[in-house]
Each structure stands twice: as structure tokens, then as C-alpha cells.
Amino acid sequence: MNSPETKIINGFPFIRHVTETYPKQEVINLSKSFYEWMNQRRTVRDFSDKPIPKEVIDNLILTASTAPSGAHKQPWTFCVVENPEIKKKIREAAEQEEYESYTSRMSEEWLEDIKALQTDWHKPFLEVAPCLIVVFKKAYDLKEDGTKGTNYYVNESVGLACGFLLAAIHHAGLVALTHTPSPMNFLTKILNRPENERPFLLIPVGYPAEETFVPKLERKSLQDISVYY
Ligand code: IYR
């Protein structure tokens with residue numbers, strides 16, 4: 001393939017970017033079929049222990065890292081945990097925090113709000129799922145000379161990357177759970193992460209268990225989530 005056409009703007013290199021565009025009806029069809037397909041994604045808590053090839057996990061992470069980020073700082077690290085001993089440590093630490101949360105830290109309202117999910121402090125999926133992707137946000141960059149570099153819109157950036165990651169997982173016919181044990185500082189310790197990284201989301205990924213049930217939930221209607229001006 002020819003290298004893309006470049007031009008210099010105020011000393012900075014730019015490359016020509018061509019977006020494939022479609023006739024109106026095709027745009028309607030594409031947007032509809034993508035919605036229908038994304039609407040089939042569900043958060044799943046019952047995993048098979050069937051392994052996922054490393055190449056697949058690499059591709060999922062590469063997809064997540066195509067997300068936009070503030071000043072293109074890409075303030076994220078995706079830690080892949082497949083080692084059963086480390087998964088066990090994570091499960092034990094998460095269950096300890098979750099036990100405290102469910103029995104004393106979460107409000108009555110909160111417990112009522114998640115009743116339909118039928119979750120509790122037990123987190124077997126942290127050992128059953130073949131792969132845990134632990135997403136860390138970089139509060140700031142640690143430069144090679146030891147100085148700090150500022151990152152911008154870190155939560156927004158890492159949230160977008162996680163969204164891309166979930167879409168990639170769905171696209172590969174795999175399932176995931178966005179898990180937020182709280183507090184989750186234990187992940188920094190177990191995974192020995194540097195001081196500039198904070199745990200953001202713990203995402204078990206895998207094939208679904210042979211028989212999987214998910215809560216019967218409704219998504220909000222278009223009228224409820226949108227306002228046109
Ligand atoms: N973190 C707990 C509780 C929990 C909280 C929310 I918000 C949920 O949507 C689901 C669960 C847990 O993972 O069980």
C-alpha cells in the first residue's frame with residue numbers, strides 16, 4: 001500500500017484521512033443493524049473456563065486503545081491476568097471488600113436498586129473466567145527522567161476506552177462483566193502497579209457458561225434518553 005499523503009501544518013505532520021461514506025439508505029441500514037447488534041450485548045456473570053487465545057486479547061486491547069483521549073495521552077494500562085494464583089488473590093481481596101460493602105457500607109437504597117441483579121459478595125467469576133482485564137487509569141504520566149506529565153480528561157478517556165473494549169469483546173462473540181469492587185486499591189498492590197496508576201475497572205472476559213441467565217431488564221426508550229432541539 002502507498003504511504004498516506006502527508007502535509008506539514010505549522011511544523012507538525014498531518015496525513016490525509018479518508019472516511020468511507022455511503023448513500024442515505026445505506027447509512028440508515030448500517031446504523032440500524034449496528035444498534036440491533038449492540039443491543040444484544042449483555043453483562044454476563046456466568047463464564048466458561050475455556051481459554052481465550054492471546055492474539056484475541058491483544059486485539060481487544062488494541063481496539064480499546066483506538067479510543068480518543070485528552071491530548072492523545074492514552075492514559076491507560078490494560079493488565080491481563082490469566083495466572084490462577086493471581087486470580088485467586090484478586091478474588092479473595094475483592095470478596096473481602098465486597099463482604100464489607102454488602103453487609104455494612106452500601107445504603108438500603110443501593111441494595112434495593114441492585115436487587116434485580118441478584119448479586120452478592122461472592123465473586124466466583126474472578127477465578128472461573130479465563131482472563132481478567134484490569135484497567136488502570138494514569139492520573140499523570142511518569143516520564144523517564146522521573147518528572148510528572150499532566151494527563152487530561154482521564155476519566156472520560158479511560159471510560160471511552162473501556163466502552164470500545166466492551167464492543168470489541170461483544171464483536172468477538174465473547175462476554176464480559178464490568179466489575180467495580182469497592183474500594184479497589186488492592187489491585188494496585190497485587191499487580192504491583194506504579195504510583196501514577198489507579199484501578200478503574202475490573203473486566204472478567206471469556207466465553208459464556210453453557211447455560212447463562214441474565215436479569216430481565218428493559219433499556220430506557222429513545223424518548224427517555226434524548227432531547228432534540
Ligand atoms: N460492586 C458490587 C455491588 C454492585 C454495584 C452496582 I452500582 C452494580 O450495578 C452491581 C453490583 C458488586 O459487584 O457486586
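So, here's what we can say about the structure. This one's a predicted model, so the numbers in the text were calculated from it and none came from an experiment.

Criteria and cut-off values
Residues numbered from 1 in each chain as written. Predicted model: local features only at pLDDT ≥ 70, side-chain atom pairs only at ≥ 80, totals over all residues. Heavy atoms only, no water. Helix = DSSP H or I, 4+ residues; strand = E, 2+ residues; numbered from the N terminus. Buried < 20%, exposed > 50% of the residue type's maximum accessible area, 1.4 Å probe, protein only. Contact = heavy atoms within 4.5 Å. Arc of directions from axis to C-beta. Core = buried A, V, L, I, M, F, W, Y, C linked by side-chain atoms within 4.5 Å. Near = heavy atom within 4 Å. Polar contact = N/O pair within 3.5 Å; in protein donor to acceptor, adjacent residues only side chain to side chain. Areas by Shrake-Rupley, 256 points an atom, 1.4 Å probe, with all protein chains shown as cover. Nonpolar A, V, L, I, M, F, W, Y, C, P; charged D, E, K, R; others polar. Salt bridge = Lys/Arg side-chain N within 4 Å of Asp/Glu carboxyl O. Phe/Tyr/Trp six-rings, centres within 6.5 Å; stacked < 30°, edge-to-face > 60°. Axes fitted to C-alpha atoms, helices over the stretch in contact; angles between N-to-C directions. Parallel < 35°, antiparallel > 145°, perpendicular 65-115°, else oblique. Left-handed = near helix turned anticlockwise from the far one by under 90°. Pairing = 2+ DSSP bridges.

Our focus in this paragraph is the side chain of H179. Here H179 lies in the loop between strand 7 (175-176) and helix 7 (186-190). For H179, a relative accessible area of 5% translates into the label buried. Aside from chain neighbours lying at most four places away, what touches H179 is E98, K123, F125, L126, L201, L202 and P204.

Next up on the list: helix 2 (residues 54-64). For helix 2, the full list of buried residues reads I57, L60, I61 and A64. Take helix 2 and look down its axis: the buried residues cluster within an arc of 95 degrees, on one side only. Pointing more than 90 degrees away from the buried face of helix 2 are the exposed residues E55 and L62.

Below, the discussion takes up the nonpolar core. Of all hydrophobic cores here, the largest spans 25 residues; its most connected members are F78, I133, V135, L165, I169, I203 and V205. Where this core is concerned, the elements lending two or more residues are helix 2, strand 3 (76-81), strand 4 (131-138), helix 6 (154-171) and strand 8 (197-206). By residue number, the principal contributor to this core is helix 6, which donates eight residues. Discounting chain neighbours no more than four positions away, the residues touching I133 are I57, F78, C79, L165, L201, L202, I203 and V205. Of all hydrophobic cores here, the second largest spans 20 residues; its members include V81, L132, F136 and M184.

What follows is about the site of the ligand. If you check the shell around the ligand, you find R45, E98, Y102, M106, W110, I114, L117, K123, H179 and T180 and nothing else. Y102 places a polar side-chain atom, nitrogen or oxygen, 2.5 Å from an oxygen atom of the ligand. Within the side chain of H179, one N or O atom sits 3.2 Å away from an oxygen atom of the ligand. Burial of the ligand by the surrounding chains reaches 71%, relative to a free accessible area of 370 Å². Class assignment of the residues belonging to the shell around the ligand gives a composition of five nonpolar, two polar and three charged.

Here we come to the pattern of salt bridges. One pass over the structure, following the stated rule, counts 10 salt bridges. The partner of D58 in a salt bridge is K54, with the nearest N and O atoms 2.8 Å apart. You can see D58 and its partner K54 sitting in helix 2, four residues apart, about one turn around the helix. Given the relative accessible area of 59%, K54 is considered exposed. The salt bridge involving E112 is made with K115; its shortest N-O contact spans 3.5 Å. A single network of salt bridges, built from pairs that share partners, joins R91, E95 and E127.

Both the distance between ring centres and the angle between the ring planes are used here to describe each pair of aromatic rings. For the structure shown, the criterion picks out two aromatic pairs. Relative to W37, the ring of F34 lies with its centre 5.8 Å away and its plane at 40 degrees, an arrangement referred to as tilted. Taken together, the positions of F34 and W37, both in helix 1 (residues 24-38) and three residues apart, correspond to about one turn of that helix. The exposure class of F34 is partly exposed, given its relative accessible area of 48%.

All right, on to the packing of helix 2 against helix 6 then. In contact at an axis separation of 7 Å, helix 2 and helix 6 are set at 140 degrees when each is read in the N-to-C sense. One way to sum up the angle between helix 2 and helix 6 is to call them oblique. Here helix 2 runs over helix 6; the crossing is right-handed. Where helix 2 approaches helix 6, its residues L60, I61, T63 and A64 are matched on the opposing element by A161, F164, L165, A168 and I169. When the residues that make up the contact of helix 2 with helix 6 are grouped by side-chain class, the tally is eight nonpolar, one polar and no charged.

Sheet analysis places strand 1 (residues 6-9) next to strand 2 (residues 12-15), joined by four bridges and oriented antiparallel. Of the residues in strand 2, the one forming a bridge with K7 is F14. Here strand 1 folds back onto strand 2, and the loop between the two strands holds two residues, one of which, N10, carries a positive phi near 50 degrees.

This brings us to the environment of E95. One can find E95 in helix 3 (residues 84-105). In the structure, E95 is positioned 26 residues away from W121 in sequence and 5.7 Å away in space, judged by C-alpha atoms. With residues up to four places along the chain from it excluded, the contact list for E95 reads W121, H122, K123 and P124.

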